[in-house]
Amino acid sequence: MSERVAVIGTGQTKHAAKRDDVSIAGLVREAALRALEDAGLGWADIDAVVIGKAPDMFEGVMMPELYLAPALGAVGKPIMRVHTAGSVGGSTALVAAHLVTSGIHDRVLTVAFEKQSDSDAMWALSVPQPFSAPLLAGAGGYFAPHIRAYMRRSGAPGHIGMQVAVKDRLQALKNPYAHLHLPDISIEMVEQSVMLWDPLHYLEACPSSDGAAAMVLGSEQAAAAAQVDTGRRPAWVHGMAMRSEPTMFAGRDQINPRAGRECAADVYRQAGVTDPRRDFDCAEVYVPFSWYEPMWLENLGFCDEGDGWKLTDAGSTSMDGGDIPWNCSGGVLSSNPIGASGMLRFLEAAMQVRGEAGEHQVDGTRRALAQAYGGGSQFFAMWVVGTDKP
Amino acid sequence: MAEAREPVTTLDTPIRLEYLFSAGIAQSKNLRGLAEGRFVGQRCPVCSKVYVPSRGSCPVDGVPTDEEVALGNTGTVTTFCVVNVPFAGQSIEIPYIVAQVLLDGADISFMGLIQEIPADQVRMGLRVEAVWVEPDQLGPSMASVKHFRPTGEPDAEYASYKDYT
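About the thresholds
- Residues numbered from 1 in each chain as written.
- Chains lettered and ligands numbered in written order.
- Predicted model: local features only at pLDDT ≥ 70, side-chain atom pairs only at ≥ 80, totals over all residues.
- Core = buried A, V, L, I, M, F, W, Y, C linked by C-beta atoms within 7 Å.
- Buried ≥ 20, exposed ≤ 12 C-beta atoms within 10 Å, placed from the backbone.
- Helix = DSSP H or I, 4+ residues; strand = E, 2+ residues; numbered from the N terminus.
- Domains from an automatic or database assignment.
- Contact = placed C-beta atoms within 7 Å.
- Pairing = 2+ DSSP bridges.
- Axes fitted to C-alpha atoms, helices over the stretch in contact; angles between N-to-C directions.
- Nonpolar A, V, L, I, M, F, W, Y, C, P; charged D, E, K, R; others polar.

S.K.: Outline the nonpolar core, listing residues and values.
M.R.: Residues and elements named next belong to chain A. Val111, Met382 and Val385 are the most contacted members of the largest nonpolar core, which totals 164 residues. Here the element with the most residues in this core is helix H13 (residues 338-354); it accounts for ten residues. The residue makeup of this core includes at least three contributed by each of domain 1 (6-120 + 208-230) and domain 2 (138-207 + 236-386). Val111 has contacts with Val28, Ala31, Ala32, Val49, Ile51, Leu72, Ala212 and Ala214, leaving out every residue within four places of it along the chain.

S.K.: Give me the lowdown on the sheet that holds strand S1 (residues 39-43) of chain B, citing residues and values where you can.
M.R.: All names here are of chain B. Read from one edge to the other, the open sheet built from three strands follows the order S2-S1-S3, with strand pairing classed as antiparallel. Whereas interior strands pair on both sides, the edge strands pair on one side only; in this sheet they are strand S2 (50-51) and strand S3 (67-71). Both S1 and S3 contribute to a ladder of five bridges, which runs antiparallel. Within the sheet, the bridge partner assigned to Gln42 lies in S3 and is Glu68. Its contacts with the sheet place helix H1 (residues 24-35) against S1 and S3, and it is angled at close to 150° to S1.

S.K.: Describe unusual backbone geometry, listing the residues and the values that go with them.
M.R.: Here the residue pair Val52 of chain B and Pro53 of chain B is connected by a cis peptide bond, since its omega of -10° sits within 30 degrees of zero. By the element assignment, Pro53 of chain B lies in the loop between S2 and S3. Omega for the bond connecting Ile94 of chain B with Pro95 of chain B falls within 30 degrees of zero, at -5°, which places this linkage in the cis form. Mapped onto the secondary structure, Pro95 of chain B falls in the loop between strand S4 (74-83) and strand S5 (96-103). The phi torsion at Asn327 of chain A lies on the positive side, around 55°, for a residue other than glycine. Checked against the element boundaries, Asn327 of chain A lands in the loop between helix H12 (308-313) and H13. Among the residues examined, Asn327 of chain A registers 29 C-beta atoms within 10 Å and is labelled buried. Not every positive phi belongs to a glycine, and Glu116 of chain B is a case in point at roughly 65°. Take Glu116 of chain B: it is sitting in the loop between strand S6 (110-114) and strand S7 (127-132). For Glu116 of chain B, a count of 10 C-beta atoms within 10 Å puts it in the exposed group.

S.K.: Summarise the interface of chain B and chain A; cite the residues concerned and give the values.
M.R.: In this complex, chain B contributes 34 residues to the contact, which on the side of chain A involves 32 residues. For the side of chain B that touches chain A, the elements supplying multiple residues, two or more each, are S4, S5 and S6 of chain B. A total of five residues in the side of chain B that touches chain A trace back to one element, the largest contributor, which is S4 of chain B. Partitioning the side of chain B that touches chain A into residue classes produces 22 nonpolar, eight polar and four charged. Where strand S5 (residues 195-198) of chain A and S4 of chain B come together, two bridges link them in antiparallel fashion. Its bridge partner lying in S4 of chain B, Asp198 of chain A is registered against Val82 of chain B.

This is how it looks when you write it as C-alpha cells:
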C-alpha cells in the first residue's frame, strides 16, 4: 500500500558565502527549526530524520550525520544519510517521502546542507586520481565541454547562457534567503566577467554558499492536523522518481541524458502530466551553470530537442511575463550550498504550491516541478507537487 | 600583551593519506600499454564498442571485455573547454585546453590536454596525436601522455564524432 505524503513545513537559512556565525550543526538546526515552526511542530513530534549533503571530502568531516544527530533532535530516533552527489538534496527528500508513503512514519524531518566556507570544493572535485593525468578542474571544467557540445548541436546563439545568468539573478532579488543579490546584473556585466571555463563566464556559474534546507513531510493525517494548527495548506506530492546511469559508456548522450528523460517520464506518468509546459505553473530546476536551463528544458520535455534555447530567448522561463517561470527563487545560480541545492528546488516548488513564496510567488500555482541532478549528469531526482490531494 | 588581531576562525591543517591502489586486470593492461607508449583498449563481445581505458566489462551489456585492441596515436577533439581558473593543487599553468579526445578506432572519448596550438584556434573536430614523455619517463599512467597536438590533417566531419562529445 502506498500512503499519501505532503510537505507540511519548510525552512531554509539565509545563504551566504560565509556563515561564520554558525557551525555546521548550527546551520542545519536553523533550517530545521524554521521547518518545524512552519509545520507547527516540535522536535518530539518527529519520527525520523533523513539527511543529505555532498561528498564528505568537501568539509573534511567524515559521516557528519553522526555528530549532527543531537542538533537535529534525532537522538534515539532513526536517522539516515543519502549520497547522490549534487542531486542529493532531491534524493534525500524522496527517501524521506518514501518513509511516509510506505506507512512507516507519519512525520519525517529531512535536511540537507553544505558549508562551503569550511571546504574547498574546487580542490575536492579536482583531486588527482591514481594513474591519471591531473586535468580535472572543478565542476565547471567538467560541464563546460558538454555545454559547448550543446551549443554546436542546437545551434544556440552565444547570448543564451548570459540571458539565464541575468534572469535568475533578477529573480533572486525577490528571495530574501538567496545568497547573491546583484541588483545591477546585466548582459554586459556577465560578458565582462572573467571567462573561467570557456565558454562559461564567471557570472554564468553558481556561487559557493553556506546554507541548509529542511522540510517536514507528513502523512495524510499529519497534513490535516498541521493545516488545522497553522492555517497553511500542505503541498501534496503527486509523483516522485529517481534515475541514474553510468558516467561513462559508449554513445552516452551527456547533453540530454537518458536517465533524466526517463525520470521525467516516470514522474509525469504518476502525476498525470502530459504537457509539462502547459501542466506546470512553475518549475525549480538544478541549473548550476547558465546553459543547463535550455539543456534541461529539452531533457524535461518542455519543448522538442534543440528548441530549449528558443524558450529561454523568448523569455518564456522568466517570472516577468513568461508562461513557464523557471527558478523564481533565483535557483542554484544565486545560492549554491551544494548538498542543499537540490532540496531547495524541492522546497521552493512546495512553497509555490502552498502559496508561501512571498515576493517570488507565481500567483495561482497549482502544480510545480522540482528537479535535481548530480555527478557527471548521472543522478536525477524529481518530484511533482500540487495543491490537490492526489 | 599581544596586539589586537582579527580573530582566528579557520585553520588549514594539511593531512596526508598513504594508500595502496590495485588497478585490476583490465586497467593494468591499459597501464602497461601506457608504460610502453601505446594505447590499449578492449572490445565488448556483444555491442563491439571499443573502450579505452577499459574497466574490464561493458557498462551497457554487463559482460567481460576480454578482446584487446591496439589503438593508434591519433584521434579527434570532440569537444573542449579552456580552463582559466586557478585552484589549490593545480599542476598545469592556466589557461589550458582540456578536450575530449576520441582515439581512432575507439568508441569512447577521454580527457586530454591540447598543446602546440593557440587556445583560440582549438575547435571541435580538430585532428590530434598523442605526444609521449621521453622514453625513460614513461610509466603506467596517463601522465605518460604529455599532451595532444594537431596533426595538420583536415578537421573531422561533425557527423563522425557528434555521438562522442
